[in-house]
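# Coordinate inspection notes
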Amino acid sequence: MVDHLLWILAIYGAAVALVHWMHARRKVSGSCKRRSDVHYVLVTSNHERQVEWYLRALSLYALLNGTRVRVTVLDDRSEDQTKLIAQKLCHLSGIETTILDHGSSPDMVRDLNEKKGRVQDGSYFYIDLRIPMEAARIPYVH
């Protein structure tokens, strides 16, 4: 019995040492660079059943990838609790959330719409959830 416990501790110790060695090696080689910020613009309209999952998926993505994720929820006249749910989830770790009405700030909305065509480096995602299958572009949502 004690023999088995010693083997378990030895294997666990070797695994810990291997993880630390691999991390130190990545850090020295420079491949452990922090990725740039990612900005997701989610256009919603009556998405109270899905918006919580979308925001939680983005929070999980941010935490697992070490990426700072900014989310702008751009609501288009929802008649349900979409905005309220999004506001309650603003505290999720790993993401910085802003909630806007589609008509409330025309300049901001215009800037977001113009930016969607210009950014090609994978740091900006304009996802119109009113279009079927657009949600599949959100990490961990399929």
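Whatever comes next refers back to the structure up there.
Let me sum up the structure you'll find in this document. Please read all numbers here as calculations on a predicted model, not as lab measurements. (Residues numbered from 1 in each chain as written. Predicted model: local features only at pLDDT ≥ 70, side-chain atom pairs only at ≥ 80, totals over all residues. Heavy atoms only, no water.)

Take the pattern of salt bridges next. Under the criterion given, the structure shown has 8 salt bridges. Its salt-bridge partner being Arg137, residue Glu134 comes within 3.0 Å of it at the nearest N-O pair. Overall, the relative accessible area of 17% leaves Glu134 in the buried class. One salt-bridge network, in which partners are shared between bridges, spans Asp76, Arg77, Asp128 and Arg130. (Salt bridge = Lys/Arg side-chain N within 4 Å of Asp/Glu carboxyl O. Buried < 20%, exposed > 50% of the residue type's maximum accessible area, 1.4 Å probe, protein only.)

What follows is about the pairing of strand 3 (residues 95–101). For strand 2 (residues 69–75) and strand 3, the ladder comprises 7 bridges, and the chain directions are parallel. Among the inter-strand pairings, Val69 is bridged to a residue of strand 3, identified as Ile95. (Pairing = 2+ DSSP bridges. Helix = DSSP H or I, 4+ residues; strand = E, 2+ residues; numbered from the N terminus.)

Turning to the side chain of Asp128, a few remarks are in order. One can find Asp128 in strand 4 (residues 124–128). Residue classification places Asp128 among the buried positions, given a relative accessible area of 12%. At a separation of 2.8 Å, a polar atom in the side chain of Asp128 contacts the side chain of Arg130. Not counting the four nearest positions on each side in its chain, Asp128 is found in contact with Val43 and Glu134. (Polar contact = N/O pair within 3.5 Å; in protein donor to acceptor, adjacent residues only side chain to side chain. Contact = heavy atoms within 4.5 Å.)

Let us look at a nonpolar patch on the surface. Nonpolar side chains collect at one region of the surface, where Val2, Leu5, Leu6 and Leu9 lie side by side and expose about 410 Å² of accessible area between them. Assignment of secondary structure puts Leu5 in helix 1 (residues 2–29). (Patch = residues over 30% accessible without salt bridge, like charges linked within 9 Å, V, L, I, M, F, W, Y side chains within 5 Å. Areas by Shrake-Rupley, 256 points an atom, 1.4 Å probe, with all protein chains shown as cover.)

Purely geometric stuff here, so don't read any function into it on its own.
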